[in-house]
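# Analysis of the macromolecular model
Take a look at the letters that make up each chain.
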Amino acid sequence: MDRLGIVVPCYNEEEVFPISAPALRGVLDDLVAKGKISKDSFVMFVNDGSKDRTWELIEEEHEKFPTQVFGVKLAGNVGHQYALTAGLITAKDFCDVTVSIDADLQDDVNVIEEMIDKYHEGCDIVYGVRSSRKTDSFFKRTTAQGFYKLMSGMGVKTVYNHADFRLMSQRAVQAFSEYKETNLFIRGIIPLLGYKTDCVYYERLERAAGESKYPLKKMLALAFNGISSFSIKPINMILGMGVAMLVIALGVAIYSLVQFFRGQVEPGWTSLMLSIWFIGGIQLISLGLVGQYIGKVYTEVKQRPRYNIEKVLSDDSKED
Ligand code: UDP
Ligand code: MG
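Conventions we followed
Residues numbered from 1 in each chain as written. Chains lettered and ligands numbered in written order. Predicted model: local features only at pLDDT ≥ 70, side-chain atom pairs only at ≥ 80, totals over all residues. Heavy atoms only, no water. Donors = N, O, S within 2.8 Å, 3.2 Å for Na, K, Ca; no water. Buried < 20%, exposed > 50% of the residue type's maximum accessible area, 1.4 Å probe, protein only. Helix = DSSP H or I, 4+ residues; strand = E, 2+ residues; numbered from the N terminus. Contact = heavy atoms within 4.5 Å. Near = heavy atom within 4 Å. Polar contact = N/O pair within 3.5 Å; in protein donor to acceptor, adjacent residues only side chain to side chain. Areas by Shrake-Rupley, 256 points an atom, 1.4 Å probe, with all protein chains shown as cover. Nonpolar A, V, L, I, M, F, W, Y, C, P; charged D, E, K, R; others polar.

### Some thoughts on the coordination of the magnesium ion (ligand 2)
- Protein coordination at the magnesium ion (ligand 2): the donors are Asp-104 (OD) and Gln-106 (OE1), at 1.8 to 2.0 Å from the metal. Gln-106 shares its class with Asp-104; the two are buried.

### A word on the environment of Phe-94
- Residue placement: Phe-94 occurs in the loop between helix 3 (80-91) and strand 4 (97-100).
- By relative accessible area, Phe-94 is classed as partly exposed at 39%.
- A sequence separation of 53 residues divides Phe-94 from Ser-41, and the C-alpha atoms of the two residues are 9.0 Å apart.
- Leaving out residues up to four positions away in the same chain, Phe-94 has contacts with Arg-3, Phe-42 and Met-44.

### So, the site of ligand 1
- Around ligand 1 there are 19 residues in total, and Glu-13, Asp-48, Asp-104, Ser-212 and Lys-213 lie nearest to it.
- Contact distances for ligand 1 include 2.9 Å between an oxygen atom and a backbone N or O atom of Tyr-11.
- In this structure, Arg-207 approaches ligand 1 through a side-chain N or O atom, which is 2.9 Å from an oxygen atom.
- Burial of ligand 1 by the surrounding chains reaches 95%, relative to a free accessible area of 540 Å².
- The class makeup of the residues in the shell around ligand 1 is 5 nonpolar, 5 polar and 9 charged.

Nothing here speaks to function; it is all geometry.
Printed below as a string of structure tokens:
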């Protein structure tokens with residue numbers, strides 16, 4: 001029987017914690033009763049440097065349910081992505097499979113069972129995907145969906161309408177932990193891991209209590225980080241612009257020389273036109289070229305794993 005660890009990052013969640021802790025324990029009890037996970041499965045709350053009583057509440061809950069509720073206290077606020085990573089990497093040493101979910105219960109806890117079923121069918125990663133965003137404000141919905149579109153336009157593989165509600169097997173978390181990059185955008189890395197994946201669909205609910213900890217500023221930072229950590233397309237775009245400008249320069253050159261020989265120009269116009277377009281194009285191309293090297297440096301310094309092995313067949317291979 002597999003041991004499940006549900007990982008929950010919490011930042012100033014004292015209002016919602018008293019609702020989410022029993023709800024998540026309820027999920028564990030239910031799954032244990034159905035024989036889908038082992039009795040020692042747990043919920044691990046990661047306190048991301050909360051300024052309110054969140055950690056005290058986690059401690060109290062742990063005392064009441066020491067086998068079911070675990071806690072990790074980060075030394076300071078590091079943000080959702082890092083808090084989640086800390087939780088997953090800590091939890092993987094205690095369990096066979098993890099599920100990450102936000103503290104506010106906006107993601108439907110009832111589909112965790114479906115995730116576990118897919119895991120038993122052999123999936124290493126199961127994405128929770130929002131089938132609708134009725135409860136999100138118009139603004140949040142359009143900006144979020146625009147973000148997914150922009151990401152795919154930039155060539156970053158992400159799962160549409162999936163946030164960080166997902167199941168990951170222990171080996172998937174292990175593979176994820178090999179991505180040592182500091183500018184972390186988890187949603188972009190998971191699809192790079194490989195492994196068998198699937199999706200479960202759910203309606204996104206309202207926050208059970210408290211307020212969003214993701215103001216516009218943090219959302220924009222996440223979006224920019226997502227693109228700049230995964231894509232060197234913007235650099236290629238500069239190069240493209242430079243080439244386009246040189247082509248235009250050629251046209252401008254022909255036009256202004258024709259005008260020059262027809263004697264229909266002010267003195268100085270031809271040389272100005274020629275130099276503006278040519279120098280502009282050459283500058284952009286040069287920037288783009290330098291950018292290509294920076295792009296290489298950027299992919300190299302990340303030292304991302306080049307592959308993940310899923311299975312090896314050899315004469316002494318053992319099934320695990
Ligand atoms: N969170 C965190 N650190 C932060 C900000 C948020 O751990 O600095 C957690 C928060 O407690 C919640 C999750 O990240 O469990 C998602 O945040 P929130 O629900 O506020 O974001 P939204 O759903 O509005 O995008
Ligand atoms: Mg939320």
